[in-house]
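Spelled out, the chains give:
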Amino acid sequence: MASQSHCIDDIETLESVYGAPSRPSITKEVDYVHAHYRAMIQASPFAALATIGPDGLDVSPRGDGAGFVVVEDEKTLLLPDRPGNNRVDSLRNIVHDPRMALLFMIPGVSETLRVNGRATLSLDPALLTRFAVKGKAPRSIMIVAVETVFFQCARALVRSGLWSPENHVDRASLPSTGTLLADIGGEVDAGDYDRRQPERVKDSLY
């Protein structure tokens, strides 16, 4: 563990280490969904949703077909909530504190897009019907009031090689879902769970 004397515990020290941000890194941030940022959201099939609640922070994956987060207008995003494990950690947090953030990722593209704002959860029947897939409506719609939007440069994804096929990990090299649940939670038979997993996921996507 680092010595306390080596820890950064004030903004002055932090800024002395990192220096001032470049001008483009500041001017790329706007308080609305610019047309170029709209194009990135429409191309994205995946986003990480960050929320804050009484027990702390949470980050949750969200994904569907490209454009699953709808740009309703330049200050509003709509995000349908599809079936999951019913922990609803993110939704509980939003009920407690509307502040949230989204990090959009686009396969093959190294730049990401960050959106910060405040969310409300809607059960409006018209909205639920609008976002139905295969006749199945989402449980709720997250309405995001956009506060800031900006793209993140490519360095992190370039360094990680995230989109490079040669970096793909063989799923069989890691514990299976059934093994994780059996060994950590002790609630399932690992082999039986893994055999049923593909069909279970297919049947519960929407």
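Each remark here, short or long, concerns the structure printed above.
Quick summary incoming for the structure in this document. (Residues numbered from 1 in each chain as written. Predicted model: local features only at pLDDT ≥ 70, side-chain atom pairs only at ≥ 80, totals over all residues. Heavy atoms only, no water.)

1. Describing the overall build of the protein chain
Next up, step 1: A tally of regular secondary structure across the protein chain gives eight helices and seven strands.
Next up, step 2: The buried share of the protein chain, taken over its 206 residues, is 29%.
Next up, step 3: Long-range pairs, those at least 24 residues apart, make up 62% of the contacts in the protein chain between residues at least 6 apart in sequence.
Next up, step 4: When the accessible area of the protein chain is evaluated, it comes to approximately 13400 Å², of which 56% is carbon and sulfur surface. (Helix = DSSP H or I, 4+ residues; strand = E, 2+ residues; numbered from the N terminus. Buried < 20%, exposed > 50% of the residue type's maximum accessible area, 1.4 Å probe, protein only. Contact = heavy atoms within 4.5 Å. Areas by Shrake-Rupley, 256 points an atom, 1.4 Å probe, with all protein chains shown as cover.)

2. Re the nonpolar core
A general trend in soluble globular proteins is that nonpolar side chains are found buried together.
Next up, step 1: By size, the foremost hydrophobic cluster in this structure holds 26 residues, and its most contacted members are Leu77, Leu102, Phe104 and Met142.
Next up, step 2: Going through the elements one at a time, helix H3 (35-43), strand E1 (46-53), strand E4 (76-81), helix H4 (89-96), strand E5 (99-105), strand E6 (112-122) and strand E7 (140-152) are the ones with two or more residues in this core.
Next up, step 3: If you tally residues by element for this core, the top one is E7, at five residues.
Next up, step 4: In this structure Leu77 touches Val33, Ile41, Val69, Val70, Val71, Leu102, Phe104, Val115, Met142, Ile143, Val144 and Val146, once residues within four positions along its chain are discounted. (Core = buried A, V, L, I, M, F, W, Y, C linked by side-chain atoms within 4.5 Å.)

3. A word on unusual backbone geometry
Next up, step 1: The residue Asn86 is not glycine, and still its phi comes out positive at about 65°.
Next up, step 2: Secondary-structure assignment places Asn86 in the loop between E4 and H4.

4. Digging into a negative patch on the surface
Next up, step 1: Together, Asp9, Asp10, Glu12 and Glu15 make up a negatively charged patch on the protein surface.
Next up, step 2: Residue Asp9 is classed as exposed on the basis of its relative accessible area of 59%. (Patch = residues over 30% accessible without salt bridge, like charges linked within 9 Å, V, L, I, M, F, W, Y side chains within 5 Å. Salt bridge = Lys/Arg side-chain N within 4 Å of Asp/Glu carboxyl O. Lys, Arg positive; Asp, Glu negative; His and termini not counted. Charge placed at Lys NZ, Arg CZ, Asp CG, Glu CD.)

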